[in-house]
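# Structural features, examined
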Amino acid sequence: MSQPVNEYDLIIVGAGVVGCAAAKAFGEDGRKVLLLERDLSEPDRIVGELMQPGGIQALKALGMEDCTEDIDGIACYGYGVYRDGESVELPYSMDPSSGKQFRGIAFHHGRFIQKLRQSAKAAPNVTVNELTVTRLLDQDERVIGVAAYDKTKDKEEAYYAPLTLVADGIFSKFRKDFTDCQTKVLSHFVGFLLHDFELPYAQKAFVVIAKPSPILMYQIDPHDTRVLVDVPGEHLPKGDDLKKYILDVVVPQLPEYMQDSFKKALETERLRPMPSGFLPPSINQCPGTILLGDALNVRSPLTGGGMTVALYDVLTCRDLLSRENVTSFTETDLVLQAMDAFHWKRKKYSACINVLAMALYSVFAADDNENLMTVQKGCFEYFKLGNEYTQGPVDLVAGVNPSPHSLIYHFISVVLYAIYIMFAKGNAKDIPKNIARAVSVLYTGYVTLFPFLWGEFKG
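Residues numbered from 1 in each chain as written. Predicted model: local features only at pLDDT ≥ 70, side-chain atom pairs only at ≥ 80, totals over all residues. Heavy atoms only, no water.

Further remarks concern the overall build of the protein chain. The helix and strand inventory of the protein chain stands at twelve helices and 18 strands. Against the compact-globule benchmark of 23 Å for 459 residues, the protein chain has a radius of gyration of 23 Å, which places it among compact chains. In terms of overall dimensions, the protein chain has a C-alpha envelope of 90 × 45 × 45 Å along the principal axes. Contacts in the protein chain between residues at least 24 apart in sequence constitute 73% of all its contacts with a sequence separation of at least 6. Of the roughly 20000 Å² that the protein chain leaves accessible, carbon and sulfur atoms contribute 51%. Positive and negative side-chain charges of the protein chain, numbering 46 and 57 respectively, have mean locations separated by a distance of 2 Å. (Helix = DSSP H or I, 4+ residues; strand = E, 2+ residues; numbered from the N terminus. Rg over C-alpha atoms; globule rule 2.2 N^0.38 Å. Contact = heavy atoms within 4.5 Å. Areas by Shrake-Rupley, 256 points an atom, 1.4 Å probe, with all protein chains shown as cover. Lys, Arg positive; Asp, Glu negative; His and termini not counted. Charge placed at Lys NZ, Arg CZ, Asp CG, Glu CD.)

As a further point, take the UniProt feature "transmembrane region" (unreviewed entry) in the protein chain. Taking the numbering used here, the UniProt-annotated feature "transmembrane region" (unreviewed entry) corresponds to residues 349-366, 407-423 and 435-454. Between the end C-alpha atoms of residues 435-454 the distance is 28 Å, and the span holds 100% helix and 0% strand. (UniProt positions renumbered as here; feature names shortened; annotations may be inferred.)

What follows covers the nonpolar core. In this structure, Met-51, Phe-112, Leu-116, Leu-165 and Leu-321 are the most contacted members of the largest nonpolar core, which totals 70 residues. Sorting elements by how many residues they give to this core places helix H1 (residues 17-28) first, with eight residues. Other than its neighbours up to four places away in sequence, Leu-165 contacts Leu-10, Ile-11, Ile-12, Val-13, Val-18, Ala-22, Ile-290 and Leu-292. Counting 55 residues, the second-largest nonpolar core is a separate cluster that includes Leu-90, Leu-228, Met-358 and Leu-407. (Core = buried A, V, L, I, M, F, W, Y, C linked by side-chain atoms within 4.5 Å. Buried < 20%, exposed > 50% of the residue type's maximum accessible area, 1.4 Å probe, protein only.)

The next subject is the sheet that holds strand E4 (residues 74-76). The strand order E3-E7-E4 describes an open sheet built from three strands, whose pairing is antiparallel. The open sheet is flanked by strand E3 (50-51) and E4, the only strands paired with a single partner. Pairing of E3 with strand E7 (residues 104-106) involves two bridges; the strand directions are antiparallel. For Leu-50, the partnering residue across the bridge sits in E7 and is Ala-106. (Pairing = 2+ DSSP bridges.)

Okay, the UniProt feature "domain: Squalene epoxidase" (unreviewed entry) in the protein chain next. Mapped onto this numbering, the UniProt entry annotates "domain: Squalene epoxidase" (unreviewed entry) at residues 161-433. The distance from the first to the last C-alpha atom of residues 161-433 is 65 Å, and the span holds 45% helix and 16% strand.

Taken together, the side chains of Ile-412, Leu-416 and Leu-442 make up a nonpolar region of the molecular surface, amounting to roughly 250 Å² of accessible area. Mapped onto the fold, Ile-412 is located in helix H11 (residues 404-424). Note on Ile-412: relative accessible area 38%, which makes it partly exposed. (Patch = residues over 30% accessible without salt bridge, like charges linked within 9 Å, V, L, I, M, F, W, Y side chains within 5 Å. Salt bridge = Lys/Arg side-chain N within 4 Å of Asp/Glu carboxyl O.)

Position of Thr-448 among the secondary structure elements: in helix H12 (residues 431-457). Along the chain, Thr-448 and Ala-106 lie 342 residues apart, while their C-alpha atoms are 29 Å from each other. In this structure Thr-448 touches Ala-359, Ser-362, Val-363, Leu-372 and Phe-411, once residues within four positions along its chain are discounted. At 2.6 Å, the side chain of Thr-448 forms a polar contact with the backbone oxygen of Thr-444. (Polar contact = N/O pair within 3.5 Å; in protein donor to acceptor, adjacent residues only side chain to side chain.)

This brings us to the sheet that holds strand E15 (residues 215-219). The strand order E6-E5-E14-E15-E16-E13-E17 describes an open sheet built from seven strands, whose pairing is mixed. At either margin of the open sheet sits one strand with a lone partner, and together these are strand E6 (86-91) and strand E17 (272-278). Put simply, the sheet's adjacent strands are angled 20 degrees from each other on average, direction ignored. As judged from the three bridges shared by strand E14 (residues 205-208) and E15, these two strands associate in the antiparallel manner. Paired with Val-207 across the strands is Leu-216, a residue of E15. Each of strand E13 (184-195), E15 and strand E16 (224-232) is contacted by helix H4 (residues 239-250), which is oriented at about 95 degrees to E16, the strand it contacts most. In the packing of helix H8 (residues 347-364) onto the sheet, the strands contacted are E13, E14, E16 and E17, and the crossing angle to E13 comes to about 75 degrees. (Axes fitted to C-alpha atoms, helices over the stretch in contact; angles between N-to-C directions.)

With that settled, the discussion passes to the packing of helix H7 (residues 332-345) against H8. The relative placement of two packed helices is expressed as an angle between their axes plus a distance between the axes. Where H7 contacts H8, the two axes come as close as 6 Å, and the packing angle between them is 45 degrees. Relative to H8, the element H7 lies oblique. Within the contact between the two elements, H7 uses Phe-342, His-343, Trp-344 and Lys-345 and H8 uses Lys-347, Lys-348 and Tyr-349. (Parallel < 35°, antiparallel > 145°, perpendicular 65-115°, else oblique.)

A few words on the packing of H8 against helix H9 (residues 370-383). Look at H8 against H9: their axes get within 8 Å of each other, and the N-to-C directions meet at 110 degrees. When the axis of H8 is compared with that of H9, the two are roughly perpendicular. Where H8 approaches H9, its residues Leu-360, Ser-362, Val-363 and Phe-364 are matched on the opposing element by Leu-372, Val-375, Gln-376, Cys-379 and Phe-383. Its residues assigned to classes, the contact of H8 with H9 shows seven nonpolar, two polar and no charged. (Nonpolar A, V, L, I, M, F, W, Y, C, P; charged D, E, K, R; others polar.)

Summarising the element assignment, Leu-334 is placed in helix H7. By relative accessible area, which is 31% here, Leu-334 ends up partly exposed. Here the alpha-carbon distance between Leu-334 and Glu-130, two residues 204 residues apart in the chain, equals 31 Å. If we ignore the near neighbours within four places in the chain, the residues touching Leu-334 are Asn-325 and Val-326.

Shown next as structure tokens:
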């Protein structure tokens, strides 16, 4: 009897958010898809727990909106922001297509992933296997498939396809095959849970702007609230030093009613770090492969925009690589042309979401930078002006209006408002000094935003 040949139209490495969504999308387009994941048990991670309304819209477009159901997720309708004893509520705007308020959702990451995997398995033409991809197979300078280890058989097997989609996450072991760029780690978000804890604004995420950097909280099931404490720097304090840092530096800056709950959690809960940084995207020009998700492009998790970018990337890829445009993935030139178009077409949403995340993180993590602290105060005061001023910025965070022009407009508005406040609180003798400060603050605003824009839009 002849051995079966493991041949597919598309092999996907990684059954996370991107891998599952892509498997369903391409399987429904008539492609024979193999989705590989080293461990199909429910993941236990602190990433990918808050999906913005833009991500919900992308899920609906993929026909996967039911994946957020029956996982004890909590609807999210905006943010609360706290700074120096004051707080402001920032609700999501109304969806003009439905007349209802835009809605995000927060959940346990693993439960959501398992629902995505079930959806992928149920899709036509999709095979899901628990195998560890060890290497990409290449021939004549193009990837022709993967080698994967099967622990049940204790052997490595080859799987072939004219196109391999790599979506193995922020710690991608295959990224080096595509680009020399690596994620620049700026800080770590340290996660833990608070149990039966009430946030100041029901069904809204909560951000504490503290020194040296922010704290993010959101409820992920009826009893659990996720806390993410940002700790600046590439290297994280270890063990008791980390607990001491949070206890001594972070806890005193929280609203008073939260402090005892945080202290108790530091004694009982496991502290789990994840790196936070920036990786600008590279053009997919490696024949036979494409790179998606956090393996391709990383931004700060502060605004929760990662899954929105990832799911819209899948939609854009699906459309550009549809059977109508590319009959077979063996047409390498057409695939490469499509991926070149993908790199530029995704900018209309990815650049805005990525740059907003990094710029906002820079402002909220101002620490002792006097100019950034001025912008930070101006940003908070801008939030207090009401919906007429905040709807645009909130829509940007929500991912429902990812317009780079809107991002630039509102960021400049915040900087100018910060300068206005500085002059308004001064007196006549401060004018010469404040003019010099205004120039410095403007420059700081420029270098906070535009280098990230350049990183997104350069080739």
